[in-house]
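Survey of secondary and tertiary structure
Here is how the chains run, residue by residue.
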Amino acid sequence: MHKSLVLLLAVYSSVAVAVTNNVYICNNKKSKSQVFSAVDTRFCACVKNTQTGFIKGVNDDDIKLISSSDCTGSYQKLGPNSEAKNTQWVNSFSYGKSAVAAQPSQMVQGIPAVNPVNQPWIWPLPQNWERGSNTVRVSKSIRFEGKGARQPIVVKAIKRYQDLIFKKEDYPMIPYNWSTTDNKPSRSSLSTVVIDIKSTGDHLDMDTDESYTLTVPVSGKAVLQAETIYGALHGLETLSQLVQYYQERRSFYIPNAPWKISDFPKYKHRGILLDTSRHYYAVQDIEKIIDTLSWNKLNVFHWHMLDSTSFPYVSKKYPELAAKGAYTPRHVYTARDITNIVQYAKERGVRVIPEMEAPGHSTAWGYGIPEIASCLNTQPYFGYTIQPPAGQLNIAHPKTKEVIYSLIDEWAELFSDSFFHAAGDEVIMKCWAEDPYITNHLQQTNQTLIQLFENFVLDMEDHVRQKNKTVMVWQEMLLEYNFTLPKDTVIQVWIGSEGVKEVTEKGYRTIVSAQNFWYLDLGFGRPRSNPYPEVQGAGFNHWNRVYSYDMRANLTTAESDLILGAEATMWGELADPNNVEDRLWPRAAAFAERLWSGYENPKGEALVSADAILRLLPWREHLVLRGVRAGPLNQGFCTRNPLDCFQPLNPNK
Amino acid sequence: MAPVDNDAVKNLPAEQPLWPIPTSFTHGKDSVVLSSNFAIKVRIGSQQTSLTSLENYPIIQKAVARCMDRLAVKRNTTRPDNSLDSSVGQGSILSELVITVNSPEAALEFGAIESYALNVTFLPITSSNFFAAAGNNNYVLNKREDEHHHAEILARQSAIALTGTSSAFLSTETQWGILHGLETFTQLVRSRASSSSTAAGDNIVNTLEVPNAPWSIQDAPRYSHRGLLLDTSRHYFPVADIIRTLDAMSTVKLNVFHWHVLDQQSYPLVSKTYPDLTAKGAERADRIYSIDDVASIIRFGEERGIRVLPEFDAPGHTASWGRAYPNITVCVDALPHSAYAAEPPAGQLDPLEPFTYSVLDGLVKEWAAQFPDKHVHIGGDEINFNCWKTSQRLKEYIDKPEKRRELESKLPPVSPEGQNTMRQTRSGSQSDEDKLLQVYLDRAIGMYLNQKKIPIVWEEIALEHNVQLPESTVVQVWKNAANAKKIIQQGRPVILSSVEYWYLDCGSGAWLVGSQGQSWCGFTNWQRVYSYSLTEKLTPEQQKMVYGGEVCMWAEQTDSSNLDSNLWPRTAAAAEVLWSGSYDAEGKSRPLLQAARRLSEVRERLVEMGVRAAPIFPSWCSKHPEACLKER
């Protein structure tokens, strides 16, 4: 990098108007660099999603390196013309000549902010909570002790939470309403949390016990008890949300102590689907999403890695699939990337479930191995696929099975989870019906296309089962094709909420992703050319629509019991790392509370959106404080004064 | 200028996706390589100016510096525009761009000349330039002195020597034309990985070239007012966000930053005269724009040829003014807000309160000095008479004509300025309510006219009220596209922002109350934005009254977190409509497929400059736009 800097300066000095400051950001492989420049004014640059290995500044002023994403909080100084290494922790930096960032004005009082705390500001809301009226100071050197605190995954979590607990904003958009708790803090401060975990293992699957209890007394040690380390992780998250920054006292407190919380999830499977084929996400982007999942007590990352548009997985046996099917050599996931992500997720209590999208949506396989694809890139694509490019796996070709079984074998090892998604959605028969290889095969074997299709997918699913995995499939397998699926198959409903009834009626377990409520990618027009008025495409699912959907509607108790949980989806046509966080959050948080807290509390009282919004507003602000680019729920005025804005609708209208 | 020719657009080389498309251009097939000591020279009038003496022309000086900086980034960045084949040295050498400008200190105002002509010539070898080119042999930096590398450089030099020396000229009338011309020039330049960069790994030195030379471009904007409205009251945007937005605007040749700085929710603009307005009306202590902030935003805009057009929305949308001075507003925080205002909190200026005009007069004087633009947007939208009727005095004025003279007598007299050009918006007699509105408008507009400012108002003032307005008043259309014609028929110029096309905030669901529903206005994807015809159903004479348009970024559901992805690349789609117009000479729209291909590149460019622009389709489609965008 030094050499190219020299060159840059050489070029630059020939202009003789050097007023620019440059900051160079490179990852450790030095394969990627970004240059930021500023003229005259001081800037804050967010590099949250940038792979920073080292940062170098060429200017006559200091650079401040900061771990928050908006240049707030403590910083490390980088002197003129010097370099900082191992800067992965840097999420923003400010640089330039003079500060023009808004300086807080002493004279500004700000318009009033009245945010009720009828329910604790914990998201998702715990099942059982009791609180008092004391205020307990939290020691900055808070310690975690007990045998549970020495389990490796917990040790790492404690390290994270020692930072997360003390996130603060000097001018919070939603200041905590201290009038609801005793304004005189107790003399002693909370300096010790005892962590008690019953089981010593770190196995994580759908049946892992995630419950925990947390007590915070007015004086003395707080106690976090859990059956498993994963319950303890949820407890740490809850503890971090109990702590509030008291602006006037410049310190951290837990209001409304003593606390007694006993908590567990209503649904076991609480996930987000991310599509990394239509747009690529770097490993760091995925890790950031997994972080945010864990903060919302979501526990499944459904990785829709492959699709027609690209094949980013670097297979050991068939490297040509990624070699020709990935966007570029940079847009790939190696076995090592996957192992890292699975481990990263596990340390946050998040399962990673891979989806092997087949035999539809699989054009990209055909770039590497053409003989395993049918109707590969047929033009025009209309009639052969839902969206371009056309291409499905050639289900008659022996090589197809060979390839897909090898990939299943590879993934069964890389992804330790006991669930494996075998897809089976959006198949277009015309693609196969016009492929002479397939029509010949049908004639020779005297079977129909649908029989061939059924045999292919059932064989594929059997192969998955042989790896001791539970098979997940999309709803078409059962509801559209009526394939005879073993009863242990888990059916993912997506086409509409009515599918939940149809699947559970047949006695299958289900995971709900009804697109009319829980597709978070919709509402931004279709990606394809599509003139108005059709341009609006499917509807945007507003946070309250997401929150209000009851997946148990019209089900018997026995049918509801077959709901394992749900996933909100983030398909990738119009989302990539630039806008995905705004699309996901805070709507996926609204979804998360439904899955964790359920529709009623243990006393049988309904959880309603009118209460939820009062907690979701501060939670969104908190996500932003933690560096997530969550979108706003409404204007700033309403954020500070929700009761002025969230009033019942005019009954006369 | 003649409209853009669609056939020419179709022939624009894929590797040079110019945006917005220039009015007219021709190009060839040869490649011109920028030498490593490539420089930009400026000629003011007929006089050759050295770069150091450009100090007297800071806008030009900084524009040149920025251009050189961006070229350096292209040279040193890892993503070369690899669509070019990797053979080196077919091109002739370009060692300078010579800029000629006649009026380097033209005012930045509506109607300023922004045209430019850019020529990049390709000169084949002649005996006289052979040696000049051969002497220019350092364009590939020699870092590794090993023999292999040395041989490679020699090979390249000979390849260059066989071609020639090219030149580039940018001629403009004003410095604003230079900014646009340099932007186009930068878009013409592509980078190509040199083998030295890939070999060394950490040593990124790309070759810069202008493919498809010779280029000849003549370009001028279709509309003079090409803007983006940003609402900084409903959510606060840090100065860095605004500056980044201005920077992005300049790359698509937008020239108006309509700063909707105040609204009912928050009063973030610091006033010297009335500091309490911010002290009590800003939503948070650090969510304010200081006098220095405003100055730096205006300066940053000016350096990029962007006018900062402030809007002081009144008399509606003013609850935040009443936090400091309760007696200049009425119905503040009245409930239910829907009876008194479009959004909470309700509140409007009191048009019969003398102190209202004291405050306003102080502010208008201050703003006039603070914001240099000749135009100022004075708001006037969504005035709710129910709000005014909550005040005894205002109700009396409306209900009792006999009291009006007395009530008005307590107010400052109407300024004589502009009175002789007042014209009624409609025929017929004024309603009692509009008479009250007129009391406010006469005085408020008079204050602006006294400061030599030309007012811009929202369309309600002209279409939904029957009031007197100065002849020069510009009207901004937002409720629907067809309203433009009605206003033009009144003889008033328009700025177009129809919600049907150019409201970028729409589609994120209703944000008020317990709604689960869709927004009151639908999401407009880039193609919808691109399809806004600013001249539909207008006669050629009426079309002249269209000053231009603005996309609007209202901030109910937008803040720092999602600003970029809401704005971009849709704002770029509007920018091309505004700069290049929508139609060719035969009235046909530009091919959408071709626009999609270019826009997807614009989006990549924005992401590279640090703007979090949203994707317009899956990555696969960037490589195969024809497959994705073919009409059924």
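Each value, and the rule that gives it
Residues numbered from 1 in each chain as written. Chains lettered and ligands numbered in written order. Predicted model: local features only at pLDDT ≥ 70, side-chain atom pairs only at ≥ 80, totals over all residues. Heavy atoms only, no water. Helix = DSSP H or I, 4+ residues; strand = E, 2+ residues; numbered from the N terminus. Buried < 20%, exposed > 50% of the residue type's maximum accessible area, 1.4 Å probe, protein only. Contact = heavy atoms within 4.5 Å. Polar contact = N/O pair within 3.5 Å; in protein donor to acceptor, adjacent residues only side chain to side chain. Disulfide = S-S within 2.5 Å. Phe/Tyr/Trp six-rings, centres within 6.5 Å; stacked < 30°, edge-to-face > 60°. UniProt positions renumbered as here; feature names shortened; annotations may be inferred.

In this section: the environment of Arg226 of chain B. All names here are of chain B. Take Arg226: it is sitting in strand E8 (residues 225–231). Of the residues examined, Arg226 reaches a relative accessible area of 0% and is grouped as buried. Along the primary structure Arg226 and His258 are separated by 32 residues, whereas in three dimensions their C-alpha atoms are 9.8 Å apart. The residues contacting Arg226, other than those within four sequence positions of it, are Glu114, His180, Pro221, Lys253, Leu254, Asn255, Val256, Gly549, Leu578 and Trp579. In terms of polar contacts, Arg226 uses its side chain to reach the backbone carbonyl oxygen of Lys253, at 2.8 Å.

Looking now at the state of the cysteines. Residues and elements named next belong to chain B. With the rule as written, the count across this model stands at three disulfides over all chains. A disulfide bridge connects Cys506 with Cys521, and the sulfur atoms are separated by 1.9 Å. Handedness here is read from the sign of the S-S torsion; for Cys506 and Cys521, about -85°, the answer is left-handed. With Cys506 in the loop between helix H17 (499–502) and helix H18 (526–530) and Cys521 in the loop between H17 and H18, this pair connects stretches of sequence that are 15 residues apart. For Cys506, a relative accessible area of 2% corresponds to the buried category.

With that out of the way, let us pick up the side chain of Ser580 of chain B. All names here are of chain B. Structurally, the position occupied by Ser580 is in helix H21 (residues 570–580). Ser580 sits in the buried class, given a relative accessible area of 5%. Only 2.8 Å separates the side chain of Ser580 from the backbone oxygen of Ile21, close enough to count as a polar contact. Contacts of Ser580, omitting those with residues within four sequence positions, involve Val4, Pro20, Ile21, Arg222 and Arg590.

All names here are of chain B. Applying the stated criterion to the full structure yields 54 aromatic pairs over all chains. Seen in terms of ring centroids, Tyr267 and Trp321 are 5.7 Å apart; in terms of plane orientation they differ by 85°. Their pairing is edge-to-face. Of this pair, Tyr267 sits in the loop between strand E9 (256–260) and helix H8 (276–281) while Trp321 sits in the loop between strand E10 (307–314) and strand E11 (329–330), and the two are 54 residues apart along the sequence. Exposure remark for Tyr267: the relative accessible area of 0% places this residue in the buried category.

Further remarks concern the UniProt feature "active site" (unreviewed entry) in chain A. All names here are of chain A. Sequence positions flagged by UniProt for "active site" (unreviewed entry) are, in local numbering, Glu426. Mapped onto the fold, Glu426 is located in the loop between strand E20 (419–421) and helix H9 (429–433). A relative accessible area of 23% places Glu426 in the partly exposed class. Setting aside residues no more than four positions away along its own chain, Glu426 makes contact with His361, Ile386, Gln392, Glu476 and Trp494. A distance of 2.7 Å separates polar atoms of two side chains, one belonging to Glu426 and the other to His361.

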